[in-house]
Amino acid sequence: LRELFGLLVHAHYRTTPGDLHRLLDAPNLELHALLRRGHVVAATILAREGELSGPLADDVLHGRTRLRAHALADALAAHLGKPTAAGLRMIRSVRIATHPGLRRRGLARMLVEHVHCEHAPDLFGTLFGATPELLAFRRSLGYELVRLSASRGARTGEPSVMMLRPVSERARVLVTELRAELARDLPRQLELLHADGETLLDPVLVASLCADLPPPAPLDPARCRALADAYAHGPRTFESVALALQQYVESHRDRLAVLTPAERRTIEGRVLAGHGWRRVAADAGLPGVPAAMRGLRKAVRRLVDA
């Protein structure tokens, strides 16, 4: 246990004593390790997730509840608008670590391939701070990029991503749909990340994020309206609907008159101009970024309901 946790601390700066508590007690976690002469040289923590009931997934979709210990299912339902996907059986890679003296020898690959052989879910998935190397590693093992998050690592500044490896036919259909939506939305999402960040994303990372994307999914007026409504009245993040919301507002500029001056400046700054949150807050006379985020959802709700 000491060797295992030492590996996790060395490999992941966010590892805390709370992770030890969850590792020992959480009912849906399991551990796989590679041993050499009785010592732990690589390890991975997995979470069994999904298989949610329809009513629970619908509650997540509409923001009436949030899921703990089901990060993939929660993101698929709440942030990507796929409640039926939460019913799939999922195995999530929570952590993976290799002894620093034995890296680049294929141990991590051996460990992940072992996990694939040991389990038969609908899909495997993982969430992590994106680097070109990690993206390439997961792609080589059959994982596909389906989501870019607006959040960045506190220390590294890397954007968080979700990658999935479909197994069942239902999961393959889901991943195909998510990939087409990502191809449509990713350029606008990258623009917003640039506007929000203190520094631009590494061009090599941007190229890796954009690699091998399929043709983009269509975005007609009815879909724009549905996504605008999902953001206004649910838990969808702004970045996940940014392109649809931009097109919706552009086609309903006449309705902006129903908004207060601060609400209008918030929508014009973030949705139309794509300014960073700090500038949006300052231009709208709001006390900070959280107030601007709350104000934007309120303004879009008023616009959609007008």
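Each remark here, short or long, concerns the structure printed above.
Here the structure is a predicted model, which means the values were calculated and not measured.

K.L.:
So what exactly am I meant to see when it comes to the sheet that holds strand S2 (residues 39–50) here?
P.N.:
For sheets, the rule is that strands pair by backbone hydrogen bonds, running either parallel or antiparallel. With mixed pairing, 6 strands are arranged side by side in an open sheet as S1-S2-S3-S4-S6-S5. Each of the sheet's edge strands pairs with one partner strand only, and the pair in question is strand S1 (29–36) and strand S5 (144–152). Ignoring which end each strand starts from, the neighbouring axes of this sheet average 25° apart. Bridge count for S2 against strand S3 (residues 89–98) is 9 bridges, and the pairing is antiparallel. By the bridge assignment for S3, Gly50 is matched with Arg89.

K.L.:
Would you explain the pairing of strand S4 (residues 123–129) in this entry?
P.N.:
Regular strands place side chains that alternate from one sheet face to the opposite one. Among the 7 residues in S4, 5 count as buried, and that is most of the element. Note: S3 against S4, 4 bridges, orientation parallel. By the bridge assignment, Met90 is partnered in S4 with Leu123. Tracing the backbone out of S3, into helix H5 (residues 107–118) and back to the parallel element S4 gives a crossover that is right-handed. Relative to strand S6 (residues 159–166), S4 runs antiparallel, the two sharing 7 bridges. Looking across to S6, one finds that Thr126 is bridged to Met163.

K.L.:
Would you explain the pattern of salt bridges in this entry?
P.N.:
If the charged atoms of two oppositely charged side chains come close together, the side chains can form a pair. Within the structure shown, the criterion is met by 18 salt bridges. Between Asp58 and Arg64 there is a salt bridge; the shortest N-O distance is 2.9 Å. Take Asp58: its relative accessible area is 30%, and that puts it in the partly exposed class. The salt bridge involving Arg270 is made with Asp196; its shortest N-O contact spans 2.8 Å. Residue Arg270 is located in helix H11 (residues 261–272), and its partner Asp196 is located in helix H7 (residues 169–196); the two are separated by 74 residues in the primary sequence.

K.L.:
Got a minute to help me understand the packing of aromatic side chains in this structure?
P.N.:
Here the distance between the centres and the angle between the planes together describe a pair of aromatic rings. Overall, the coordinates contain 2 aromatic pairs when judged by the stated rule. A ring pair is formed by Tyr231 and Phe238, whose centres lie 6.2 Å apart and whose planes are at 65°; its orientation type is edge-to-face. Taken together, the ring pairs in this structure connect Tyr231, Phe238 and Trp277 into an aromatic cluster. Across the ring face of Tyr143, the terminal group of Arg138 is positioned such that the distance to the ring centre comes to 4.9 Å.

K.L.:
Looking at this model, I keep getting lost on helix H4 (residues 71–79). Mind explaining?
P.N.:
The buried fraction of H4 is high, at 8 of 9 residues. For H4, the complete set of buried residues consists of Leu72, Ala73, Asp74, Ala75, Leu76, Ala77, Ala78 and His79. After H4 finishes, the residue Gly81 shows a positive phi value of roughly 70°.

K.L.:
Would you take a moment to explain the packing of H7 against helix H8 (residues 203–210) for this structure?
P.N.:
Two quantities define a packed helix pair, namely the angle between the axes and the distance from one axis to the other. Running from N to C, H7 and H8 cross one another at 155°; their axes reach a closest spacing of 11 Å. Considering their axes alone, H7 and H8 lie roughly antiparallel with respect to each other. Of the two elements, H7 crosses H8, and the hand of that crossing is right-handed. Facing Leu186, Leu190 and His194 of H7, the residues of H8 in contact are Val206, Leu209 and Cys210. Residues that form the contact of H7 with H8 fall into these classes: 5 nonpolar, 1 polar and no charged.

K.L.:
When you look at the environment of Val280 in this model, what are you seeing that I'm missing?
P.N.:
Residue position: Val280 is located in helix H12 (residues 277–284). Sequence spacing of Val280 and Ala292 is 12 residues, and the spatial spacing of their C-alpha atoms is 6.8 Å. The residues contacting Val280, other than those within four sequence positions of it, are Thr266, Gly269, Arg270, His275 and Ala292.

K.L.:
I would appreciate a short explanation of the side chain of Thr126 in the present structure.
P.N.:
Looking at the element boundaries, Thr126 is found in strand S4. Using a relative accessible area of 3% as the deciding quantity, one classes Thr126 as buried. Here the side chain of Thr126 touches Ser93 through a polar contact of 3.3 Å, landing on its backbone oxygen. For Thr126, the residues in contact, after removing those within four places along its chain, are Leu72, Arg92, Ser93, Arg138, Tyr143, Val161, Met162 and Met163.

K.L.:
Any chance you could explain H12 here in plain terms?
P.N.:
Residues separated by three or four positions in an α-helix point in the same direction, a consequence of the helix having 3.6 residues per turn. For H12, the full list of buried residues reads Trp277, Val280, Ala281 and Ala284. Relative to the axis of H12, the buried residues are bounded by an arc of 100° and lie together on one face. Residues of H12 that are exposed and point more than 90 degrees away from the buried face comprise Arg278 and Ala282. Of the surrounding elements, those touching the buried residues of H12 are H7, H11 and helix H13 (289–305). A positive backbone phi angle near 70° is found at Gly285, which sits one or two residues after H12.

Reading the values: rules and limits
- Residues numbered from 1 in each chain as written.
- Predicted model: local features only at pLDDT ≥ 70, side-chain atom pairs only at ≥ 80, totals over all residues.
- Heavy atoms only, no water.
- Pairing = 2+ DSSP bridges.
- Helix = DSSP H or I, 4+ residues; strand = E, 2+ residues; numbered from the N terminus.
- Axes fitted to C-alpha atoms, helices over the stretch in contact; angles between N-to-C directions.
- Buried < 20%, exposed > 50% of the residue type's maximum accessible area, 1.4 Å probe, protein only.
- Right-handed = clockwise from strand over helix to strand, strands pointing away.
- Salt bridge = Lys/Arg side-chain N within 4 Å of Asp/Glu carboxyl O.
- Phe/Tyr/Trp six-rings, centres within 6.5 Å; stacked < 30°, edge-to-face > 60°.
- Lys NZ or Arg CZ within 6 Å of the ring centre and 35° of its normal.
- Parallel < 35°, antiparallel > 145°, perpendicular 65-115°, else oblique.
- Left-handed = near helix turned anticlockwise from the far one by under 90°.
- Contact = heavy atoms within 4.5 Å.
- Nonpolar A, V, L, I, M, F, W, Y, C, P; charged D, E, K, R; others polar.
- Polar contact = N/O pair within 3.5 Å; in protein donor to acceptor, adjacent residues only side chain to side chain.
- Arc of directions from axis to C-beta.

None of the figures reported here should be taken as evidence of function without further support.
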